[in-house]
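# Analysis of the macromolecular model
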Amino acid sequence: MTDTVTAPDVRGAQKPATKPARPFFSSGPCAKPPGWDAAKLATASLGRSHRSKIGKQRLQYCIDLMRAALKLPDTHRIGVVPGSDTGAFEMAMWTMLGARPVTTLAWESFGEGWVTDAVKQLKIDPTVIRADYGQLPDLTQIDWSTDVLFTWNGTTSGVRVPNADFIPADREGLSFADATSGVFAYDIDWAKIDVATFSWQKVLGGEGAHGVLILGPRAVERLESYTPAWPLPKVFRLVSKGKLTEGVFKGETINTPSMLAVEDAIFALEWAKDLGADGLIARSDANAAALDAIVADRDWLGHLAADPASRSKTSVCLTVDGADEAFIKAMASLLEKEGAAFDIAGYRDAPPGLRIWCGATVDTADIVALGPWLDWAYATVKAG
């Protein structure tokens with residue numbers, strides 16, 4: 001039976017008949033790749049040591065797949081590290097910062113987290129360049145004689161850097177990119193990136209807990225020529241006797257990884273390999289365009305990121321006219337109860353709104369099907 005509410009002035013009062021086939025719109029962990037099934041995961045490495053021949057082979061294969069999917073040059077190393085993207089980025093901060101002044105960019109929660117680490121934990125007194133949620137800082141203010149920390153794609157604000165053009169080729173400092181919602185969704189100029197981090201749980205739809213650390217040659221030079229003044233936990237140590245511990249970047253992880261999570265990442269990466277880097281980007285672009293069309297057709301919906309040039313194509317953050325935190329929570333709860341959309345409330349530190357993941361593992365048809373459900377949830381909460 002069709003449910004209706006009395007709200008004649010608000011479109012969408014009638015409950016839609018068709019739901020998204022895969023209503024997984026969380027911004028992390030994100031939707032699994034199409035066709036994913038736990039039964040399809042390889043299991044020969046399970047129950048084996050990660051240091052066994054098969055364990056090392058599967059970790060190296062995972063690294064090789066990431067290199068291919070990212071079109072990463074041989075000049076850059078890839079390592080699987082503990083602690084998701086946070087662990088990978090803090091590993092880079094703790095091991096490389098302090099050699100020269102630091103500039104941190106913050107326009108959302110995770111950028112602010114790196115500011116807190118630099119100021120309160122490492123106590124290195126960085127220059128901080130901030131912008132409000134929905135805005136991008138003035139990138140021309142950056143002093144590239146310093147080490148520079150930034151988020152490529154601000155997951156909690158829906159604001160990204162348009163490209164790597166703001167990073168000079170002749171920079172003196174290192175560029176540190178928290179790229180966890182950016183890799184596999186944007187074409188990244190790796191010559192401009194000295195350090196990049198991400199986790200499998202974002203655009204690949206993999207499992208959490210593991211981070212990925214990418215080091216360019218200038219970052220390796222820093223590691224081998226500089227010793228931080230502060231103690232380093234064992235899981236952060238990338239250098240032994242003044243030389244990079246190369247094994248970390250050949251599948252010999254610092255601590256024990258979950259081989260089930262590795263196999264899950266391999267499944268996603270093999271799916272990504274079939275699509276190619278351009279195919280992954282095209283899927284994200286199509287999803288973002290479909291959601292943009294939904295927003296453009298509704299006067300009560302808007303983009304938190306006003307400038308399309310710096311608007312995320314993965315973690316798209318939306319404003320809802322007149323909505324406070326309770327209104328958003330009610331909308332999200334209604335949609336979850338109906339099985340129409342999961343986990344679309346905005347991040348807790350962000351302004352009240354919706355956040356809808358449009359990365360490559362989401363199908364565009366599901367974004368399209370979501371539109372009428374947003375209408376229904378908005379009308380229902382508004383009427384109630």
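Just above sits the structure.
Residues numbered from 1 in each chain as written. Predicted model: local features only at pLDDT ≥ 70, side-chain atom pairs only at ≥ 80, totals over all residues. Heavy atoms only, no water.

## Digging into the packing of aromatic side chains
Any pair of aromatic rings gets described here by the distance separating the centres and the angle formed by the planes. Across all of its chains, the model carries eleven aromatic pairs by this definition. Ring centres 6.1 Å apart and planes at 50° place the aromatic pair W144 and F166 in the tilted group. With W144 in the loop between β3 (127–130) and β4 (147–151) and F166 in the loop between β6 (159–160) and β7 (175–178), the pair connects residues that are 22 residues apart, well separated along the chain. For W144, a relative accessible area of 10% puts it in the buried group. A ring pair is formed by F150 and F166, whose centres lie 5.3 Å apart and whose planes are at 80°; its orientation type is edge-to-face. Residue F150 is found in strand β4, and its partner F166 is found in the loop between β6 and β7; the two are separated by 16 residues along the sequence. Residues F150 and F166 agree in their burial class; the two are buried. A network of ring pairs unites the aromatic residues W144, F150, W152 and F166 as a single cluster. (Phe/Tyr/Trp six-rings, centres within 6.5 Å; stacked < 30°, edge-to-face > 60°. Helix = DSSP H or I, 4+ residues; strand = E, 2+ residues; numbered from the N terminus. Buried < 20%, exposed > 50% of the residue type's maximum accessible area, 1.4 Å probe, protein only.)

## Here we look at empty space enclosed by the protein
Following the criterion strictly, the structure yields three cavities of 30 Å³ or more and no others. Here the largest cavity defines a volume of roughly 90 Å³. In this structure, the largest cavity is lined by A69, L70, K71, F184, A185, Y186, D187, I188, W190, A277 and I281. Elements with a minimum of two residues in the lining of the largest cavity: α1 (53–70) and α5 (259–296). In terms of residue class, the lining of the largest cavity is built from nine nonpolar, no polar and two charged. Space inside the second largest cavity adds up to approximately 70 Å³. Taken together, 13 residues make up the lining of the second largest cavity; nearest its centre are L304, C317, L318, P351 and G353. For the lining of the second largest cavity, the secondary structure elements donating two or more residues are β13 (315–320) and β14 (354–357). Classifying every residue of the lining of the second largest cavity by side-chain character gives eight nonpolar, four polar and one charged. (1 Å grid on protein atoms, 1.4 Å probe; cavity = no way out; pocket = protein on both sides within 12 Å on 5 of 7 lines; lining within 4 Å. Points joined across faces, edges and corners; volume = space filled by probe spheres on them. Nonpolar A, V, L, I, M, F, W, Y, C, P; charged D, E, K, R; others polar.)

## Quick notes on the pairing of β7
Covered by surrounding structure in β7 are S175 and A177 together with F176 and D178, the residues of both alternating faces. As paired elements, β4 and β7 share four bridges and run parallel to each other. Across the sheet, residue L149 finds its bridge partner in β7, namely F176. Here β7 pairs with strand β8 (residues 195–199) via three bridges, running parallel. Bridge pairing in β8 links D178 to T197. (Pairing = 2+ DSSP bridges.)

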